[in-house]
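Observations on chain architecture
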Amino acid sequence: CVFSRIGVLVKLNPIMATIAFAALCTVSSAYAADGGDQNTGILTYPSVFFADSRPSTAYDMIGRLPGFVFDDGNSERGFAGTAGNVLIDGERPTSKSDDLQSILQRIPASSVERIEVIRGGAPGVDMHGQTVVANVIRKTADSTQIVVQAEDQLFLNDHHTIPQVSVQYTKHTGDSTYEASATRMAGYDDAVGKGFHDITDVATGTVTHQDARYNGFGFGGSVTGAATVPLFGGQFKANMALQASPFHSAFFYNDPGSGPTPEQKISDKSGSNSGELGLHWQGKVGDGWELETLLLQRLGHQTDLNISDAPGDLEQFHSTSDTGESIARATVKYLPIP
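Notes on the structure in this doc start here.

Conventions adopted
- Residues numbered from 1 in each chain as written.
- Predicted model: local features only at pLDDT ≥ 70, side-chain atom pairs only at ≥ 80, totals over all residues.
- Heavy atoms only, no water.
- Helix = DSSP H or I, 4+ residues; strand = E, 2+ residues; numbered from the N terminus.
- Contact = heavy atoms within 4.5 Å.
- Polar contact = N/O pair within 3.5 Å; in protein donor to acceptor, adjacent residues only side chain to side chain.
- Phe/Tyr/Trp six-rings, centres within 6.5 Å; stacked < 30°, edge-to-face > 60°.
- Buried < 20%, exposed > 50% of the residue type's maximum accessible area, 1.4 Å probe, protein only.
- Lys NZ or Arg CZ within 6 Å of the ring centre and 35° of its normal.
- Pairing = 2+ DSSP bridges.
- Axes fitted to C-alpha atoms, helices over the stretch in contact; angles between N-to-C directions.

Before going further, it helps to examine the overall build of the chain. The helix and strand tally for the chain stands at two helices and 15 strands. For the chain, the proportion of contacts with a sequence separation of at least 24, taken over those separated by at least 6, is 61%.

Here is the structure:
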């Protein structure tokens, strides 16, 4: 196992310190290259074109394409009109919950053979309504890639930390590709800290002073998996994604001299859980005929609890929402000219 890129980053400011570590481990049994497509309207950028900038992932390489502006797509309902402007091995990713940027960040730069920029269209390429798309072509050699990233936010005012780490795995063998990732995510509000809260009685001019303190943080996680394998003479893809994103925030108000117990507390607890399963098959079903099928199911659950607790006054607000989206899609193509 060879670590081809290791980095440590430290950032400091009066509120927060950030320490980040990233490592890429690549094991390859062979190296293979495909010839570039010379069709009209296609510009080919081999991996050596990006060597000077030392990209870590395919997303870094996309950002260095001359004259190309990355479009991550959108999460609106439906499938056809939500695509971004990057293809992977000529195919649009079938996942909607797992955004295009995250998918590209899980592809190590060392596994990219070339990137094609297609303007106006090309034979056999579905542009998905885009005028310009980039097509990331991965190496076809058997290989295994493991990417580990770790980051921590240290708040200097109260020394609490919000660490996050992710592990991403990709294995390519023959015509099959297997991908998995696990991420421990963290969220924070950089407005946290101590301050004061003054209440002025406009009738008497009396000012009531309170010490104030605010915190806001969240810990969550996500798990994704995908597999691409030959099936029934075509190509079958399956992908899944699970994600949980809670966030807690609170204001504490104390009258000077009242001790550590807050006179008033205003808190908010919110959470978002989501899951997705996608199934996709594409292949020939006869002379000149090609069939593409897609089944996609998304489910979401969101909660929000707001509490205001003051002497003699307790108020609560609670909301819950459940969402879902089901997509079944079939496309038949006829190619009269082989």
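A separate point is the environment of H301. Position of H301 among the secondary structure elements: in strand β14 (residues 289-310). Placed 28 residues apart in sequence, H301 and N273 show a C-alpha to C-alpha distance of 5.2 Å. Side chain to side chain, H301 and D322 meet in a polar contact 2.5 Å long.

Moving on to the packing of aromatic side chains. All chains considered together, the criterion is met by seven aromatic pairs. Between Y59 and F70 the ring centres are 5.4 Å apart and the planes differ by 85°, which places this aromatic pair in the edge-to-face class. With a gap of 11 residues between them, Y59 in helix α1 (residues 58-62) and F70 in the loop between α1 and β4 (86-88) connect regions that are remote in the sequence. Under the relative-accessibility criterion, Y59 is labelled partly exposed at 24%. F70 sits in the partly exposed class, given a relative accessible area of 24%. For the pair F217 and F219, a centre-to-centre distance of 5.8 Å together with 55° between the ring planes defines the contact as tilted. Using a relative accessible area of 29% as the deciding quantity, one classes F217 as partly exposed. For the cation-ring pair, R213 lies above F252, with the distance from its terminal atom to the ring centre recorded as 4.4 Å.

In this structure, R54 takes a positive phi of about 50° despite not being glycine. Here R54 shows up in the loop between β3 (42-46) and α1. Positive phi values are uncommon outside glycine, yet F232 reaches one of about 55°. Position of F232 among the secondary structure elements: in the loop between β11 (207-231) and β12 (234-254).

Let's shift gears to the sheet that holds β4. Spatially, four strands are ordered β3-β5-β6-β4 in an open sheet, and the strand pairing comes out mixed. The open sheet has two free edges, formed respectively by β3 and β4, since each of these has just one partner strand. The average angle at which neighbouring strand axes cross in this sheet is 20°, direction not considered. Pairing of β4 with strand β6 (residues 132-138) involves three bridges; the strand directions are parallel.

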